[in-house]
Amino acid sequence: MQLDSLVEKFKQKDEKAFESLYNMYRDSMQGVIFNIVRDNDIAKEVMQDVFIKAWHKADSYSSEKGRFFTWLLNIARNAAIDKTRSKAFKKSKQNLNSDFFVDILESSESLDNSTNAIGMKKFVEKLADKCKAVIDLLYFKGYTQVEASETLKMPIGTIKTRNRNCINELRNLVLN
């Protein structure tokens with residue numbers, strides 16, 4: 001079935017379309033969410049919430065504004081960031097076990113295999129280092145623009161401009 005017709009059926013609350021889209025995108029969404037929350041169980045929970053939210057807000061999707069995948073990815077990213085900012089999440093991470101830190105230390109690059117489930121790693125790797133740094137922090141680690149500004153020691157305006165330019169460059173790589 002063509003993606004456009006599948007999305008249209010999804011918007012009309014067709015359960016088979018929901019199931020098909022879920023199967024198509026769950027690994028990708030979970031990979032993005034995991035890179036932000038760094039916990040498999042929480043990533044699975046948030047991923048399911050993302051699809052439920054998408055189901056309820058399906059009528060807000062417009063193909064004129066962008067691809068369905070991008071729309072869903074934004075919902076996933078925002079849900080993961082919201083989860084990390086919740087009191088329950090922060091409280092659960094106060095007494096982390098050593099496995100969490102070992103995982104952080106062992107992963108020499110932040111764009112790990114979970115992220116590559118969406119197939120973006122090969123495109124991001126082609127970008128200039130300045131773009132890789134901004135995209136890594138904003139999209140794969142879930143930093144806000146202010147946090148990225150502080151981490152990279154750049155003015156917020158530079159982060160915003162670089163983010164916009166780098167995303168456009170990434171979009172051109174992916175679409176061409």
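Starting from 1, residues in each chain are numbered consecutively following that chain's sequence as written. Reporting in this predicted model follows two pLDDT cut-offs: at least 70 for local features of residues, and 80 or more for side-chain atom pairs to be given and counted; totals over whole chains, interfaces and linings ignore these cut-offs and use all residues. Hydrogen atoms and water are omitted, and side-chain values are computed over all heavy atoms in the structure.

Visitor: Can you tell me about the packing of helix α2 (residues 15-37) against helix α3 (residues 40-56), naming the residues and giving the values?
Guide: Lines are fitted to the C-alpha atoms to define the axes, a helix being fitted only along its stretch in contact, and any angle between axes, read from their N-to-C directions, falls within 0 to 180 degrees. Numbering of helices and strands runs from the N terminus; a helix is a DSSP stretch of H or I covering at least four residues, while a strand is a stretch of E covering at least two. One can describe the packing of α2 onto α3 by two numbers: an axis separation of 8 Å at closest approach and a directional angle of 135°. Comparing their axes, α3 and α2 come out oblique. Every pair of crossing elements has a handedness; the one defined by α2 and α3 is right-handed. Contacts between α2 and α3 pair E15, F18, L21, Y22, Y25, R26, M29, Q30, I33, F34 and V37 from the former with N40, I42, A43, K44, V46, M47, Q48, V50, F51 and W55 from the latter. Working rule for angles: under 35 degrees goes down as roughly parallel, over 145 as roughly antiparallel, 65 to 115 as roughly perpendicular, anything else as oblique. The sense of a crossing depends on the near helix, which, turned anticlockwise from the far helix by less than a right angle, makes the crossing left-handed and, turned clockwise, makes it right-handed. Whether two residues are in contact is decided by their heavy atoms, any of which lying within 4.5 Å being enough.

Visitor: Tell me about the pattern of salt bridges, residues and numbers included.
Guide: Oppositely charged side chains may form a pair once their charged atoms are brought near each other. Salt-bridge detection follows one rule: a side-chain nitrogen of Lys or Arg within 4 Å of a carboxyl oxygen of Asp or Glu. All chains considered together, the criterion is met by 5 salt bridges. K132 serves as the salt-bridge partner of E125, at 3.9 Å between the closest nitrogen and oxygen. Exposure categories follow from relative accessible area, calculated using a 1.4 Å probe and restricted to protein chains: below 20% of the type maximum is buried, above 50% is exposed, and the middle band is partly exposed. Given the relative accessible area of 39%, E125 is considered partly exposed. Across the pair K132 and D129 runs a salt bridge whose closest N-O atoms are separated by 3.7 Å. Within this pair, K132 and its partner D129 are both found in helix α9 (residues 129-140), separated by 3 residues, close to a single helical turn. Residue K132 is classed as partly exposed on the basis of its relative accessible area of 23%. Beyond isolated ion pairs, a larger network of salt bridges with shared partners links E125, D129 and K132.

Visitor: Tell me about the packing of aromatic side chains, and name the residues and values.
Guide: Any two rings among Phe, Tyr and Trp, with Trp reduced to its six-membered ring, count as a pair given centres within 6.5 Å; such a pair is stacked if its planes are under 30 degrees apart, edge-to-face if over 60, and tilted if neither. By the definition in use, this model includes 12 aromatic pairs. Arranged with centres 5.6 Å apart and planes meeting at 75°, the rings of F10 and W55 form a pair that is edge-to-face. You can see F10 sitting in helix α1 (residues 3-11) and its partner W55 sitting in helix α3, a full 45 residues away along the chain. An identical accessibility class is assigned to F10 and W55; each is buried. Here the aromatic rings of F10 and F68 are separated by 5.6 Å at their centres, their planes lie at 75°, and the arrangement is edge-to-face. Of the two residues, F10 is situated in helix α1 and F68 in helix α4 (residues 68-85); the sequence distance between them amounts to 58 residues. F68 carries the same exposure label as F10, and that label is buried. Three or more aromatic residues joined by ring pairs make a cluster, and in this case those are F10, F18, Y22, Y25, F51, W55, Y61, F68, F69 and W71. Note on criteria: charge over ring means Lys NZ or Arg CZ within 6 Å of the ring centre, with the direction from the centre no more than 35 degrees off the ring normal. Here the guanidinium or amino end of K13 rests over the ring plane of W55, the centre of that ring lying 5.1 Å away.

Visitor: How would you summarise the side chain of R38 if you had to cite specific residues and measurements?
Guide: Here R38 lies in the loop between α2 and α3. The buried category is assigned to R38, whose relative accessible area is 18%. A polar side-chain atom of R38 sits 3.5 Å from a polar atom in the side chain of N35. The definition of a polar contact used here is a pair of N or O atoms within 3.5 Å, where within protein one atom must be able to donate a hydrogen and the other to accept one, and adjacent residues in sequence count solely through side-chain atom pairs.

Visitor: Describe the state of the cysteines, with residues and values.
Guide: Only a pair of cysteine sulfur atoms within 2.5 Å qualifies as a disulfide here. Applying the stated criterion across every chain yields a total of 1 disulfide. Across a sulfur-sulfur distance of 2.1 Å, C131 and C166 are joined as a disulfide pair. Torsion about the S-S bond of the C131 and C166 cystine: about -75°, corresponding to left-handed handedness. Residue C131 is located in helix α9, and its partner C166 is located in helix α11 (residues 156-175); the two are separated by 35 residues in the primary sequence.

Visitor: Which residues make up the environment of V37, and what are the values?
Guide: Within the secondary structure, V37 sits in helix α2. Remark: the alpha-carbon pair of V37 and D82, spanning 45 residues in sequence, is separated by 9.9 Å.

Visitor: Describe α1, and please don't skip the residues or the numbers.
Guide: Every buried residue of α1 is listed here: L6, V7 and F10. Down the axis of α1, the smallest arc covering the buried residues is 100°, so these residues share one side. On the buried face of α1, the contacting elements are α2, α3 and α4. Taken from the helix axis, the directions to the C-beta atoms give the arc we talk about.

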